[in-house]
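Here is how the chains run, residue by residue.
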Amino acid sequence: MKKITQLCIFLFALMAFAQPPKLDLRDGTVTGRVIDATLNLPLPYVNVIIKDASDAIITGGITEDNGNFKIKKLPEGVIKIEITYIGYKTIVKEVTIGKNNRNIKLGDLFLEEDIASLDEVTIVAEVSTIQQKVDRKVITIGKDLAASGTASELMVGIPSVSIDTQTGDISLRGNQNVRVMVDGKLSNIPTAQLLKQIPSSAIKSIELITNPSAKYDPDGMSGIINIVLHKNSMVGFNGSLSTNFSYERRPKFNSALNMNYRNGKFNLYGNYSNNISKSFNYGLINRIDQNTIQNVRVLDTKKSHAFKVGLDFYLNEKNTISVFTNLNSFDGGTDAETDIVFGNGTFQDQFITSDGDNTSEQYNFDYKLDFDKEGQNLELEVDYNVYDSDSESNNSFSGSANNRPNFFELTHTERDRTSINLDYVDPLSETTKLELGLQARLFNNTINYESDGRSQNANGGYIPSLTNFDYSRDIYSAYVNYNKKINKWNVQLGLRAESANVETLAEETDLITNEVTVTPFDNDYFELYPSAFVTLQASEKNSYQFSYSRRIDRPGVGQINPLPEFNTPLISKFGNQDLLPQFTNSFETNYTRKLEKGSITGGVFYRRIKTEISTVILVDRADFNRLIVTDDNFSNTSAYGLEISSSYRPTSWWSLNGSFDLYSQTQKSISERLTAPAETATEADIVLESVEVDNVAYNFRVFNNFKVNNKLSFTAFAFYRGANESIQFEQDAMHFVNLGMRYNFLEGKATFSFSYNDVFNTMKFSGNSHRPLRQDLQFNWESNTWNLGLNYRFGGGKYRAKSRKNRDKDEKSGGGFI
């Protein structure tokens, strides 16, 4: 608690230091509506810029869905109002705000197409930016980060996000209990595979929703990472083509083609992308007490293809129907070799050859009805997602110390997910809004596992096995959000009620005796998830935010699946079918200060966690040299952290984004250890210990963009992660530097990029462990890569932002990539 207090004092001291003198704001107001002169339809998202008589910018805003805008707090005197939009001619109005003329009504303003500018449109900014909104942090992806290659590589540069380059596991604020969405929708595709499939050039922004409101699913202790893809809002036929090639030891290639046709009545879009790669990883594990050294070499081969086709149909100004489908296919394999050299000179080798493929299909229907009352709408969305996977693994052993027979494993997985959402929004007044919603989420997962009789079970020992594991989870929920604006204050209160029904059934057949063991598990629960947001816009340059939400981490299929997730000579991983959800009460406060040349955001958070899910390490009873890793529930614990991020432009040619984050969490677990050498140990030599780890981890990132001219720019990215500790390992610090360049040509329609990653070849995982055995370890992967990228945008037309709403983002969107 003392550390939390110190962090709060530090943040509030920062707020006090940055607080400017109070501004003398007036109460002048300008209103109007912007109309497309050709289509005679409202234009949303049009820029409205307010300037004084000397052309200095005072303030501004954008138009709403219905084309309306309202700019408040304008000073007395002569002001200029500029209405600007890409592909249209600018309108300039000059008015005078005085004592008897404070409310200026401009009426309908008709924007005309600017033919000369249509071929010069550039829809991607040069430099990425960071913005703190009411309930999320938004990182808008510029051409600097868009040249990364894939979403997985791009995530390395995102504040508060960590990604394991080897496994693809992603975490937010130091915790892997995070939900990853694409355009506000979940996918059945494994997260690591999904991030590899999405080209970085297809990403518009990354939203970090660390304390979601009651409107969102409460799953994920650390929140939601929402990947927002580019949408084409231009009338006519448009598209883009991107390719990326990288290499260190093995080649990696990805490409994407996006096409879109839009007119006044409908928007038709289609996309294709692929990712074809080979990756080589290697590592070393030294078990000190056992005098054992294990070398690991892994070659992964992956091929994936993704297709998307969608249609938005605008029946009229009040009714919109949207449909789309996603089709994804993946094919890959792994060739792994691990050899163990024992202290007595004997050795054991294991060779693993695995092949797998999976397909995923998503079908989505959305209908939105806008009522006559401005901002009042009703929306129905139905989403169906199905996933099918097959994998085969062959394990062979040799060596003078080998005591394991060869075995194979066959796994077939079927998964389907259905979600139905009904959302209603009613702006009760100019300062009050009510949101109501109902949701049903139905999830089913079936795994069929077969072995030739030599794989291990969770209790150790080699048994013939044929196992079926069924998991189903049905969740029904309702939510209400009430939002009230009072002068500079904005308050939002929400409550979500959920009823969940979980059923699992593991059925294992002994292929020798034909004996069938059935293990059922059911868990029904009803929970309430309140949320609260309070924001204060103290001035034009200073804003404060406080938020609270209650969240849940439901065990994933991998955490409860009793079948082996992996088997190696020294370690195996199994799920725990009896695992219960963990609950989190999350508190967060943020401060944002707008600077003359950028902005800075600072924040602190605190989490109280109930029935924490944590790793358990056990000694294999069949072979005391081996370990069993699983998960279990433990008592309450807590976590807290500090985050600072900034976007700043020191000069006209140099801009940077920097972030620092620090997290601390107490982790609890149990671990078994041997008190005698494994060769002579008995059951009595196994000791069970309670483990408590106080881990403090921190990360620093800085991204620099150097603009030579309108065509050429260079980038430099530096990353440092401090040493940290988990239940299993004490990890050493990690750091690296990436360099890159971009060149725009063909009148801005094409961009060529080159980058050289991990310039000094310092990126690796290294550390040590003391439980249950002392060991040193190090793993390396292909990080010292060079990358070539090309992006070309084609087509013409003018912008028209009529779009459908994406409920889980609570923002507007149109056709997307995946």
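Residues numbered from 1 in each chain as written. Predicted model: local features only at pLDDT ≥ 70, side-chain atom pairs only at ≥ 80, totals over all residues. Heavy atoms only, no water.

Some details on the overall build of the protein
Thinking step 1. If you tally the helices and strands in the protein, you get five helices and 48 strands.
Thinking step 2. Evaluated residue by residue, the protein yields a buried proportion of 54% over its 818 residues.
Thinking step 3. Taking all contacts inside the protein whose residues are at least 6 apart in sequence as the whole, residues at least 24 apart take part in 67%.
Thinking step 4. Split by element, the accessible area of the protein, about 34,800 Å² in all, is 56% carbon and sulfur. (Helix = DSSP H or I, 4+ residues; strand = E, 2+ residues; numbered from the N terminus. Buried < 20%, exposed > 50% of the residue type's maximum accessible area, 1.4 Å probe, protein only. Contact = heavy atoms within 4.5 Å. Areas by Shrake-Rupley, 256 points an atom, 1.4 Å probe, with all protein chains shown as cover.)

Digging into the nonpolar core
Thinking step 1. Among the nonpolar cores identified, the biggest contains 40 residues, and M155, I158, I203, I206, I225 and I227 are the most heavily contacted of them.
Thinking step 2. Non-local contacts of I203, meaning those with residues more than four positions away in its chain, are made with I141, A151, L154, I198, I227, V228, L229 and H230.
Thinking step 3. Counting residues in each nonpolar core, the second largest holds 21 residues, with V34, V48, L74 and I83 among its members. (Core = buried A, V, L, I, M, F, W, Y, C linked by side-chain atoms within 4.5 Å.)

Examining the pairing of strand β17 (residues 266-287)
Thinking step 1. By the bridge criterion, eleven bridges tie strand β16 (residues 251-262) to β17 in an arrangement that is antiparallel. Of the residues in β17, the one forming a bridge with R262 is N267.
Thinking step 2. Where β17 lies against strand β18 (residues 292-316), 22 bridges are found, and the strand directions are antiparallel. Across the sheet, residue I276 finds its bridge partner in β18, namely K303.
Thinking step 3. Hairpin connection from β17 to β18: four residues lie between these consecutive antiparallel strands, with N291 at a positive phi of about 55 degrees.
Thinking step 4. Sheet topology places β17 next to strand β45 (residues 775-780); six bridges connect them, and they run antiparallel. Each bridged residue has a counterpart across the sheet, and for R287 the counterpart in β45 is Q775. (Pairing = 2+ DSSP bridges.)

Remarks on the environment of N395
Thinking step 1. As for its position among the elements, N395 is in strand β21 (residues 377-398).
Thinking step 2. Taking relative accessible area as the criterion, N395 reaches 3% and is therefore assigned buried.
Thinking step 3. Those residues in contact with N395 that sit more than four places away from it in its chain are Q350, F351, I352, N406, F407, E409 and N567.
Thinking step 4. Within the structure, N395 has its side chain in polar contact with the side chain of Q350 (distance 3.1 Å). (Polar contact = N/O pair within 3.5 Å; in protein donor to acceptor, adjacent residues only side chain to side chain.)

Regarding the sheet that holds strand β7 (residues 103-111)
Thinking step 1. As summarised here, the arrangement of the three strands in space is β4-β1-β7, forming an open sheet in which the pairing is mixed. Looking at strand neighbours, the two that pair on one side only are β4 (68-74) and β7, the edges of this open sheet. Strand-to-strand twist in this sheet, taken as the mean axis angle between neighbours without regard to direction, amounts to 20 degrees. (Axes fitted to C-alpha atoms, helices over the stretch in contact; angles between N-to-C directions.)

Examining the pattern of salt bridges
Charged atoms that come close allow side chains of opposite charge to pair.
Thinking step 1. A complete count under the given rule lists 22 salt bridges for this structure.
Thinking step 2. The salt bridge partner of E498 is R441, with a shortest N-O separation of 3.0 Å. With E498 in strand β27 (residues 489-509) and R441 in strand β23 (residues 432-451), this residue pair connects regions lying 57 residues apart in the sequence. One exposure class covers both E498 and R441, and it is buried. (Salt bridge = Lys/Arg side-chain N within 4 Å of Asp/Glu carboxyl O.)

Some thoughts on the sheet that holds strand β5 (residues 77-84)
Thinking step 1. Ordered in space as β3-β2-β5-β6, the four strands form an open sheet in which the pairing is antiparallel. Looking at which strands have only one partner, the edges of the open sheet turn out to be β3 (57-62) and β6 (91-97). Mean inter-strand twist for the sheet, computed between neighbouring axes without regard to direction, equals 20 degrees.
Thinking step 2. Bridge count between strand β2 (residues 47-52) and β5: six bridges; the pairing is antiparallel. Within β5, the position partnered with N47 by the bridge is T84.

Observations regarding the confidence of the model for the protein
Thinking step 1. Taken as a whole, the protein shows an average pLDDT of 82; of its residues, 86% reach a score of 70 or greater.
Thinking step 2. The lowest-confidence element of the protein is strand β48 (residues 811-813), averaging 35 in pLDDT; the highest-confidence one is β23, averaging 94.
Thinking step 3. Overall, residues 799-818 carries pLDDT values under 50, and its contacts beyond four positions in sequence, including any with other chains, amount to 114 contacts. (pLDDT = per-residue confidence, 0-100.)

A short note on the packing of aromatic side chains
The geometry of an aromatic ring pair is captured by the separation of the ring centres together with the interplanar angle, meaning the angle of the planes.
Thinking step 1. Taken as a whole, this structure holds 23 aromatic pairs when the rule is applied.
Thinking step 2. Geometrically, the ring pair formed by F717 and F736 is tilted, given 6.0 Å between the ring centres and 55 degrees between the ring planes. Of this pair, F717 sits in strand β39 (residues 712-721) while F736 sits in strand β42 (residues 734-745); the two residues are 19 residues apart in sequence, bridging distant segments of the chain.
Thinking step 3. We classify F717 as buried; its relative accessible area is 6%. (Phe/Tyr/Trp six-rings, centres within 6.5 Å; stacked < 30°, edge-to-face > 60°.)

Here's the deal with the side chain of N542
Thinking step 1. With respect to the helices and strands, the residue N542 is situated in strand β29 (residues 542-553).
Thinking step 2. A distance of 3.2 Å separates polar atoms of two side chains, one belonging to N542 and the other to S539.
Thinking step 3. Within polar-contact distance, the side chain of N542 engages the side chain of Y591 at 2.4 Å.

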